[in-house]
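# Structural overview
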Amino acid sequence: MQQPLLISSLLRHAERHHPEQQIVSRRVEGDIHRYTFRDMAGRVRQLANALNVLGIHHGDRVATLAWNGYRHMELYYAVSGSGAVLHTLNPRLHPDQVVWIADHAEDEVLFFDLTFLPLIEAIAPRVKTIKAFVALTDRSRMPASSAVPNLLCYEDLLDRQPDHFDWPTFDENTASSLCYTSGTTGHPKGALYSHRSTMLHTYAVALPDAMNVSARDVILPVVPMFHVNAWGLPYAACMTGARLVFPGPFLDGKNLHELFEAEGVTMSAGVPTVWQGLLAHVEANNLKFSTMRRTVIGGSACPPAMMATFQDRYDVAVLHAWGMTEISPLGTVCTLKPQQQGLPAAQRLAIQAKQGRAVYGVDLKIVDDEGRELPHDGKAAGELMVRGPWIISQYFKGDGGQVLVDGWFPTGDVATIDPEGFMQITDRSKDVIKSGGEWIGSIDLENIAMAHPAVAMAACIAAPHPKWDERPLLVVVKKPGAQVSRTDLISFYEGRIAKWWTPDDVVFVDAIPLGATGKMQKNKLREQFREHRLPGI
Ligand code: AMP
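This section reports on the structure supplied with the text. (Residues numbered from 1 in each chain as written. Predicted model: local features only at pLDDT ≥ 70, side-chain atom pairs only at ≥ 80, totals over all residues. Heavy atoms only, no water.)

This brings us to the overall build of the chain. Within the chain, the secondary structure is distributed over 16 helices and 25 strands. A compact globule built from 537 residues would reach a C-alpha radius of gyration of about 24 Å, and the chain, at 23 Å, matches this within 12%. Counting only contacts in the chain whose residues sit at least 6 apart along the sequence, the fraction spanning at least 24 positions is 66%. Accessible area for the chain stands at about 21,800 Å²; split by element, carbon and sulfur atoms hold 50% of it. Side chains of the chain carry 51 positive and 58 negative charges; the gap between the two charge centres is 2 Å. (Helix = DSSP H or I, 4+ residues; strand = E, 2+ residues; numbered from the N terminus. Rg over C-alpha atoms; globule rule 2.2 N^0.38 Å. Contact = heavy atoms within 4.5 Å. Areas by Shrake-Rupley, 256 points an atom, 1.4 Å probe, with all protein chains shown as cover. Lys, Arg positive; Asp, Glu negative; His and termini not counted. Charge placed at Lys NZ, Arg CZ, Asp CG, Glu CD.)

Applying the stated criterion to the full structure yields 13 aromatic pairs. Taking the centre distance of 6.2 Å and the plane angle of 65 degrees together, the rings of Trp-67 and Phe-226 count as edge-to-face. Of this pair, Trp-67 sits in the loop between β3 (61–65) and α3 (70–81) while Phe-226 sits in the loop between β10 (218–221) and α8 (233–240), and the two are 159 residues apart along the sequence. The exposure class of Trp-67 is buried, given its relative accessible area of 14%. Since its relative accessible area comes to 1%, Phe-226 is described here as buried. An aromatic cluster is built from Phe-260, Trp-275, Phe-289, Phe-310 and Tyr-314, whose rings are joined through pairwise contacts. Its guanidinium or amino end placed over the ring of Tyr-395, Lys-189 lies 5.1 Å from that ring's centre, counting from NZ or CZ. Note that Lys-478 overlies the ring of Phe-508, its terminal NZ or CZ placed 4.5 Å from the centroid. (Phe/Tyr/Trp six-rings, centres within 6.5 Å; stacked < 30°, edge-to-face > 60°. Buried < 20%, exposed > 50% of the residue type's maximum accessible area, 1.4 Å probe, protein only. Lys NZ or Arg CZ within 6 Å of the ring centre and 35° of its normal.)

On to the site of the ligand. Among the 16 residues in the neighbourhood of the ligand, the closest are listed as Ala-321, Thr-325, Gln-355, Asp-413 and Arg-428. One nitrogen or oxygen atom from the side chain of His-227 is found 3.3 Å from an oxygen atom belonging to the ligand. One of the side-chain nitrogen or oxygen atoms of Arg-428 is found 2.8 Å away from an oxygen atom of the ligand. Burial of the ligand by the surrounding chains reaches 90%, relative to a free accessible area of 500 Å². With four residues, the top contributor of residues to the shell around the ligand is strand β14 (residues 317–323). Each residue belonging to the shell around the ligand can be placed in one class, and the counts come to four nonpolar, nine polar and three charged. (Near = heavy atom within 4 Å. Polar contact = N/O pair within 3.5 Å; in protein donor to acceptor, adjacent residues only side chain to side chain. Nonpolar A, V, L, I, M, F, W, Y, C, P; charged D, E, K, R; others polar.)

A separate point is the packing of helix α1 (residues 8–17) against α8. Running from N to C, α1 and α8 point in directions that differ by 45 degrees, and their axes come no closer than 7 Å. In terms of orientation, α1 and α8 fall into the oblique class. As for the relative orientation of α1 and α8, their crossing is left-handed in sense. Contacts between α1 and α8 pair Leu-10, His-13 and Ala-14 from the former with Tyr-235, Cys-238 and Met-239 from the latter. (Axes fitted to C-alpha atoms, helices over the stretch in contact; angles between N-to-C directions. Parallel < 35°, antiparallel > 145°, perpendicular 65-115°, else oblique. Left-handed = near helix turned anticlockwise from the far one by under 90°.)

On to the pairing of β3. Burial analysis of β3 places five of its five residues in the buried class, the great majority of the element. Residues Arg-61, Ala-63 and Leu-65 point to one face of β3 and Val-62 and Thr-64 to the other, with burial holding for every one of them. Alignment of β3 against strand β4 (residues 85–88), held across four bridges, turns out to be parallel. Following the sheet pairing, Thr-64 is matched in β4 by Thr-88. Handedness of the crossover joining β3 and β4 through α3 is recorded here as right-handed. Looking at chain direction, β3 and strand β5 (residues 107–112) are connected through five bridges and run parallel. (Pairing = 2+ DSSP bridges. Right-handed = clockwise from strand over helix to strand, strands pointing away.)

Taking strand neighbours across the sheet as the criterion, the seven strands line up as β7-β6-β5-β3-β4-β8-β9 in an open arrangement whose pairing is mixed. With partners counted over all chains shown, the strands left at the sheet margins are β7 (151–153) and β9 (189–194), one partner each. Averaged over all pairs of adjacent strands, the angle between strand axes in this sheet comes to 25 degrees, irrespective of strand direction. Along the sheet, helix α4 (residues 95–105) makes contact with β3, β4, β5 and β8 (175–181), crossing β8 at roughly 150 degrees. In the packing of helix α7 (residues 195–206) onto the sheet, contacts are made with β8 and β9, and the angle to β9 comes to roughly 75 degrees.

Here's what the structure looks like:
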């Protein structure tokens with residue numbers, strides 16, 4: 001009972017109890033790589049020895065810029081297992097931001113996939129603390145780049161090391177990994193996870209009413225390992241003995257679908273924008289999913305229209321989930337209670353549109369502007385507050401000062417909670433539309449627009465209004481070749497929503513800006529339409 005919860009124990013478990021289970025990776029090189037948990041464990045020990053040689057000590061930060069693949073998985077285990085801190089950098093960020101974050105984290109070594117060589121060349125002369133850059137490849141594919149000082153080859157490093165290594169035992173509260181939030185304002189802030197928080201989170205992720213991960217699953221995490229640890233799936237796979245299939249950089253609908261079918265994938269996870277590409281490909285080519293039976297969708301609200309397509313047309317169950325970087329990330333998952341399973345399809349879908357029930361370990365409440373707790377009646381909306389053993393109590397290096405309010409973490413999300421405990425995000429607090437002093441939930445308005453057959457993507461933002469302060473403005477990207485007018489869309493809301501929530505105007509754009517984690521950047525849209533004049537004003 002006194003044994004600490006350490007990430008190295010997951011690797012030991014996978015090697016001893018699921019040695020033959022496979023990890024399949026589509027590599028940056030384009031080919032498919034396969035090996036077993038046993039093979040992986042040996043290489044992770046070699047890597048731990050290599051980290052020693054590179055002068056990495058307990059608590060040092062080791063950065064990665066990498067896709068989902070077996071070498072990234074090896075880093076997850078070798079870095080944290082040996083007592084150092086895995087710092088996953090997000091390659092979709094601007095190079096200036098990557099430099100700022102690497103300096104702030106004081107990264108010592110950076111491991112990168114060859115795809116990111118141009119980014120490495122841009123940042124290498126500027127970062128202050130990184131001593132070596134390791135290309136995740138073998139000698140034959142090493143770039144001859146001279147712009148990168150101290151460029152090393154991953155496979156060379158491993159080849160020189162023995163595959164025995166005694167995993168150290170230390171306090172379970174030791175830091176294991178670090179991920180920065182991509183805040184819309186100010187500098188990014190780091191969320192530092194511990195071995196204990198990661199292990200407890202992993203148990204929760206695998207639970208049946210959470211992601212329901214088992215040894216019988218073949219999991220393809222589309223959600224990147226460079227952001228919030230791919231929602232914990234790389235850990236849950238070792239805990240349960242599930243098979244992993246990594247897509248590398250090939251995240252378009254065609255490549256994903258081929259991999260789902262070729263590898264018999266049963267479960268996947270990702271943000272709504274990824275599934276849009278996949279569904280468009282599957283629909284256009286009249287394909288189906290032979291083995292995939294469920295997918296976790298989170299990161300931003302999953303439109304019910306997308307859920308209905310997955311479930312009714314392709315027999316793929318959608319698990320709507322909510323989380324954030326600061327909470328490791330899993331907070332809620334939407335699985336129905338027994339009495340809800342027999343409800344008519346439309347009612348079930350209305351429940352599934354909610355972000356779901358608290359996973360054990362995460363406690364939820366909603367509060368008003370004065371911090372008073374609001375009722376769980378499914379109507380009152382307030383700021384969502386969370387607490388639990390995998391939720392940060394402060395940002396890395398204490399940035400931003402005290403963050404907890406009476407022990408609760410303020411999420412910045414606005415939500416309702418119904419009597420059955422189902423939480424629904426109505427907005428980001430920064431994105432709410434305040435019309436005549438009342439809040440209008442932009443996510444509801446977007447979900448309705450997304451149900452229109454001509455709409456590919458929709459964002460609802462506040463536009464200035466002299467009488468009501470703000471009124472909803474709908475920004476829409478049409479599906480290729482589709483025809484729809486402003487009045488068509490406005491009348492589409494009739495009967496679907498309270499009349500006064502109906503958007504006052506619709507504008508059509510070619511694209512809606514997405515951030516580094518696939519979320520719509522409404523702050524950019526607000527900036528773009530700052531001068532927009534609503535009709536009749
Ligand atoms: P990040 O820290 O980048 O993972 O972003 C966390 C934020 O994403 C949350 O605070 C929410 O605003 C948003 N988010 C995550 N999952 C969902 C979801 N299922 N529905 C709506 N918003 C979500």
